[in-house]
Amino acid sequence: HSQALIAEGLNLSHKIVRMRARPKLVLASRFEEAWGYFTAYMDSVLGVISDIEFDREGGGSRSAGVDLAVRVREAAPDMAIVLQSSRAENAVLAQGIGSTFLRNGSPMLITAIRRCLL
């Protein structure tokens, strides 16, 4: 997606400005880190993609992503949220809070993520 935007640049300077203005991805591996990033950059966040299960308070949590999504939804009700999991039964949790659900391990995962981003 970024490469398509760069190609639209008029000259080198314009291309560099477009590269700096493009959306950035921030990767967090723990709940606390993810929530810290969200609160720090909330005014600039376009959406949140999270696994349903990841580390929280020093250990694994089966619902950290759902808890993150609920907090994000409370802070920004119209924020785009995508939750993913290898467990199909977690789709109900994701849909219950109004987020999109994607199944990890699906052969169409990359296509589905791309569709959500666009």
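Parameters and conventions
- Residues numbered from 1 in each chain as written.
- Predicted model: local features only at pLDDT ≥ 70, side-chain atom pairs only at ≥ 80, totals over all residues.
- Heavy atoms only, no water.
- Helix = DSSP H or I, 4+ residues; strand = E, 2+ residues; numbered from the N terminus.
- Contact = heavy atoms within 4.5 Å.
- Areas by Shrake-Rupley, 256 points an atom, 1.4 Å probe, with all protein chains shown as cover.
- Polar contact = N/O pair within 3.5 Å; in protein donor to acceptor, adjacent residues only side chain to side chain.
- 1 Å grid on protein atoms, 1.4 Å probe; cavity = no way out; pocket = protein on both sides within 12 Å on 5 of 7 lines; lining within 4 Å.
- Points joined across faces, edges and corners; volume = space filled by probe spheres on them.
- Nonpolar A, V, L, I, M, F, W, Y, C, P; charged D, E, K, R; others polar.
- Buried < 20%, exposed > 50% of the residue type's maximum accessible area, 1.4 Å probe, protein only.

S.K.: Which parts of the structure should I look at to understand the overall build of the protein?
M.R.: A tally of helices and strands in the protein yields six helices and five strands. In the protein, the order of α-helices and β-strands from amino to carboxyl end is α-α-α-β-β-β-α-β-α-β-α. Contacts spanning at least 24 positions in sequence make up 43% of the contacts within the protein whose residues lie at least 6 apart. Entry remark: accessible area of the protein is about 8000 Å², with carbon and sulfur atoms responsible for 56%.

S.K.: Sorry, what's going on with the side chain of Ser85 here?
M.R.: As for its placement among the helices and strands, Ser85 is situated in strand 4 (residues 80-85). Polar side-chain contacts of Ser85 include one of 3.0 Å to the backbone nitrogen of Arg87. At 2.9 Å, the side chain of Ser85 forms a polar contact with the side chain of Asn90.

S.K.: When you look at the layout of surface pockets in this model, what are you seeing that I'm missing?
M.R.: To locate leftover empty space, one rolls a probe as large as a water molecule over the atoms. Counted as a void, the largest pocket has a volume near 1400 Å³. Along the walls of the largest pocket sit 33 residues, with Lys24, Leu25, Val26, Gly47 and Ile49 positioned nearest its centre. Where the lining of the largest pocket is concerned, the elements lending two or more residues are helix 3 (31-41), strand 1 (47-51), strand 4 and helix 6 (109-117). Tallied by class, the residues present in the lining of the largest pocket amount to 23 nonpolar, seven polar and three charged.

S.K.: Before we go on, may I ask you to explain unusual backbone geometry in this structure?
M.R.: Working note: non-glycine residues mostly have negative phi, and peptide bonds are mostly trans. Positive phi, close to 55°, is recorded for Glu57, a residue that is not glycine. Note on placement: Glu57 falls in the loop between strand 2 (54-56) and strand 3 (59-61). Judged by its relative accessible area of 69%, Glu57 falls in the exposed class.

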